[in-house]
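One-letter residues, chain by chain:
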Amino acid sequence: MCRLGIPLFYVELAIGQRLRRGSIGVWTAISPYLGGVGLGCVTVSFLVSLYYNTVLTWVLWYFLNSFQSPLPWSSCPLDVNRTGRFEAECQASSTVSYFWYRQTLNITADISDSGSIQGRLLACLAASWAVVYLCVIRGIESTGKAIYFTALFPYLVLTIFLIRGLTLPGAVEGLIYLFTPDILQNPRVWLDAATQIFFSLSLAFGGHIAFASYNPPRNNCEKDAVTIALVNSMTSLYASIAVFSVLGFKAGELSTEHGLQTMPTNHLLFPEGHEVECPEVHVHPQPKCDLVSAGGGDVSGTGLAFIIFTEAILHMPGAPGWAVLFFGMLFTLGLSSMFGNMESIITPLLDMGLTHRSIPKEVLTGLACLLCFLSAICFTLQSGNYWLEVFDNYAAPLNLIIFAFLEVIGVAYVYGLQRFSDDIVCMTGRRPSLYWRVTWKVVSPLLLLTIFVAYIAVLVWTPLSYRAWNTQYVGPLGEWGATLGLIWPFPVLPRVQMTRKQKDTWQDRRPKLQDGGAS
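Residues numbered from 1 in each chain as written. Predicted model: local features only at pLDDT ≥ 70, side-chain atom pairs only at ≥ 80, totals over all residues. Heavy atoms only, no water.

Draft legend 1. Fine view of the overall build of the chain. A count of helical and extended segments in the chain gives 20 helices and 2 strands. Within the chain, the proportion of its 519 residues that are buried is 49%. A fraction of 81% describes how many contacts in the chain between residues 6 or more apart in sequence connect residues 24 or more apart. (Helix = DSSP H or I, 4+ residues; strand = E, 2+ residues; numbered from the N terminus. Buried < 20%, exposed > 50% of the residue type's maximum accessible area, 1.4 Å probe, protein only. Contact = heavy atoms within 4.5 Å.)

Here you go:
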């Protein structure tokens, strides 16, 4: 965080505030050869927006279903013949897994079987994009008003969950598991933690550059960078304590109710003969039921939100109320992320002048949201969860590492560290300390290069794959799928060719400090 996250965050805020443009405009002004970095940031923001809002679609579906008592994932439904017997595949797995995999996703056996569009998810997707559009319709003006609620409401809900979670039996065991994990010896964990910084602080997406362009020219961007990054880290820790205290309670409840038996969570039966044999369930005493075994081994991502935590809520008195709070919080958190992603797309488009000045910004924003909605329809297919996992694992992380490396190299060596330091003096009144200058020029580039090499090594030595519905089966990607997430850095290359004629003039340009923001 201190050697990579905060320094890169500082760079993006400072360069956006100084040059008063979006990502494409900023990097083109620094050097036409770097214009592709801005274009790549827009592309990644577009891709991430597609599956971020798909997660919001699922959250909205669960939120709407939370206004029921009992909750629909608390019991198995009757079979289709209404003979009084419960659905066999629900009894073979668990109620929360059945509601997630069958009643929400209606998931197929693997990614090769696309399935059909799920109408309920399509409706929720349209509603989610409509909410995003209403919040960003007038750019920073409307977003600034909405952010007061979307930023503060999650803190209120987290505090409620924290107070409740710490009073539940098993909370101490959950916190012990949080602060004394047994997975730190795995190098992949540290690599995942390094790449997670990009998502946690939204680095290399271009959103911070766009938002910073609206700051007053003399704003103290250094103070903003350090304060926001520290608040972000403290919020993550605060949320982790609330979540793991509840998960510790859930693990203890499962130990008591099931006699310490190991329950399969993803055993689903498929129509038309698609049935996968799974090991028999053996009931046997265990010394303890930890969080991993209690969650079926999936304690991250969608498994954490839609399976593990939803099952924990079932064991809490007044479960529907807690479900409404939890999924309402997740929806507002997702909206906050979408504000930055959409600003990363819209502001550069305005900089490029793709539309006539007579076209209102509201229309451009609406067209961008409509395009994103149409592109995200593939995630409402029965195989949509597989596609989302492929996008999440391969479409963004490597690209963000590359763009972040090019950003820090562009500022430190192309724009010039001395020139950048002079700009910061002009904005904040003081020169960056030796710590910042050494970090920008040496430490951050080396760390990013190391992470890039390690990530490539993982891709080479680990077969590209996605997790299928059966935890015993991991589906391999075809050649087209394996290259899906690796081709997106290439918008950088054609941009270089487009701007080759300007190579002799850019060095003499020095953007003048302006009073207005990006428009």
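From this point, the narrative continues.
Draft legend 2. A look at unusual backbone geometry. The omega torsion across Ser69 and Pro70 is 0 degrees, close enough to zero to call that bond cis. Examined against the element boundaries, Pro70 turns out to sit in the loop between helix H3 (35-65) and helix H4 (88-92). Of note in the backbone geometry, Asn106 takes a positive phi value of approximately 50 degrees without being a glycine. Mapping Asn106 onto the fold places it in the loop between helix H5 (95-104) and helix H6 (119-136).

Draft legend 3. Structural detail: the nonpolar core. Within the largest apolar cluster, 126 residues are counted, with the highest numbers of intra-cluster contacts made by Ile15, Trp129, Met342 and Phe420. Each residue touching Phe420, except ones within four places of it in the same chain, is listed here: Val11, Ala14, Ile15, Val411, Tyr415 and Trp440. (Core = buried A, V, L, I, M, F, W, Y, C linked by side-chain atoms within 4.5 Å.)

Draft legend 4. Looking closely at the UniProt feature "binding site: Na(+)" (unreviewed entry) in the chain. Per the UniProt annotation, the sites labelled "binding site: Na(+)" (unreviewed entry) are Ser200, Asn232, Leu333 and Ser337. Across 138 residues, the annotated set stays spatially compact, with a maximum C-alpha separation of 12.8 Å. Checked against the element boundaries, Leu333 lands in helix H14 (residues 319-352). By relative accessible area, which is 33% here, Ser337 ends up partly exposed. (UniProt positions renumbered as here; feature names shortened; annotations may be inferred.)

Draft legend 5. The side chain of Ser94, seen in detail. For Ser94, the location among the structural elements is in the loop between H4 and H5. Classification of Ser94 as buried rests on a relative accessible area of 16%. For Ser94, the side chain forms a polar contact with the side chain of Ser97, separated by 3.0 Å. (Polar contact = N/O pair within 3.5 Å; in protein donor to acceptor, adjacent residues only side chain to side chain.)

Draft legend 6. View of the pattern of salt bridges. As enumerated under the stated definition, the model contains 3 salt bridges in all. For Asp423, the salt bridge is made with Arg18, and the minimal N-O distance between the two is 2.9 Å. In this pair, Asp423 is assigned in helix H17 (residues 397-428) and Arg18 in helix H1 (residues 5-19), connecting sequence segments 405 residues apart. The pair formed by Asp423 and Arg18 is uniform in burial state, with each residue classed as buried. Between Asp422 and Arg431 there is a salt bridge; the shortest N-O distance is 2.9 Å. (Salt bridge = Lys/Arg side-chain N within 4 Å of Asp/Glu carboxyl O.)

Draft legend 7. Looking closely at the packing of aromatic side chains. Overall, the coordinates contain 28 aromatic pairs when judged by the stated rule. Relative to Phe306, the ring of Trp58 lies with its centre 6.2 Å away and its plane at 85 degrees, an arrangement referred to as edge-to-face. With a gap of 248 residues between them, Trp58 in helix H3 and Phe306 in helix H13 (residues 301-314) connect regions that are remote in the sequence. Phe306 carries the same exposure label as Trp58, and that label is buried. Each ring, one from Trp436 and one from Trp440, has its centre 6.0 Å from the other, and the planes form 25 degrees; the classification is stacked. Of this pair, Trp436 and Trp440 are both found in helix H18 (residues 434-461), 4 residues apart, which corresponds to roughly one turn of the helix. Take Trp436: its relative accessible area is 7%, and that puts it in the buried class. Overall, the relative accessible area of 1% leaves Trp440 in the buried class. Cluster of aromatic residues (ring-pair linked, three or more members): Trp58, Tyr62, Trp73, Phe99, Trp100, Tyr101, Phe161, Phe306, Phe309, Trp322, Phe326 and Phe327. (Phe/Tyr/Trp six-rings, centres within 6.5 Å; stacked < 30°, edge-to-face > 60°.)

Draft legend 8. Expanded view of the packing of H1 against H17. Orientation of H1 relative to H17, taken along the N-to-C sense of each, is 60 degrees, at an axis distance of 10 Å. What the angle tells us is that H1 and H17 run oblique. Crossing angle aside, the handedness with which H1 passes H17 is left-handed. On the side of H1, the interface is formed by Leu8, Tyr10, Val11, Glu12, Ala14, Ile15, Gln17, Arg18 and Leu19, while H17 contributes Ala404, Glu407, Val408, Val411, Tyr415, Phe420, Asp423, Ile424 and Met427. (Axes fitted to C-alpha atoms, helices over the stretch in contact; angles between N-to-C directions. Parallel < 35°, antiparallel > 145°, perpendicular 65-115°, else oblique. Left-handed = near helix turned anticlockwise from the far one by under 90°.)

Draft legend 9. Structural detail: the environment of Tyr238. For Tyr238, the location among the structural elements is in helix H11 (residues 221-257). Using a relative accessible area of 25% as the deciding quantity, one classes Tyr238 as partly exposed. Remark: the alpha-carbon pair of Tyr238 and Thr159, spanning 79 residues in sequence, is separated by 8.6 Å. The residues touching Tyr238, leaving out its near neighbours within four places in the chain, are Leu158, Thr159 and Leu162.

Draft legend 10. Molecular detail of helix H2 (residues 23-30). H2 sits mainly inside the fold: 8 of its 8 residues count as buried. Listed as buried for H2 are Ser23, Ile24, Gly25, Val26, Trp27, Thr28, Ala29 and Ile30.

Draft legend 11. Geometry of the confidence of the model for the chain. Taken as a whole, the chain shows an average pLDDT of 79; of its residues, 78% reach a score of 70 or greater. Across the chain, the secondary-structure element scoring lowest on mean pLDDT is helix H20 (residues 492-498), at 41, and the one scoring highest is H6, at 95. Predicted confidence for residues 479-519 stays below pLDDT 50, and this span has 73 contacts to residues more than four positions away or in other chains. (pLDDT = per-residue confidence, 0-100.)

Draft legend 12. Representation of the packing of helix H9 (residues 187-200) against H17 in the model. Contact geometry for H9 and H17: axes closest at 10 Å, N-to-C directions at 80 degrees. For the element pair H9 / H17, the angle class is roughly perpendicular. Of the residues in H17, those touching H9 at Thr195, Phe198 and Phe199 are Pro397, Leu400, Ile401 and Ala404.

Draft legend 13. Representation of a nonpolar patch on the surface in the model. A surface patch of nonpolar side chains, amounting to about 430 Å² of accessible area, comprises Ile359, Val363, Leu367, Leu370 and Leu374. As for its placement among the helices and strands, Val363 is situated in helix H15 (residues 361-375). (Patch = residues over 30% accessible without salt bridge, like charges linked within 9 Å, V, L, I, M, F, W, Y side chains within 5 Å. Areas by Shrake-Rupley, 256 points an atom, 1.4 Å probe, with all protein chains shown as cover.)

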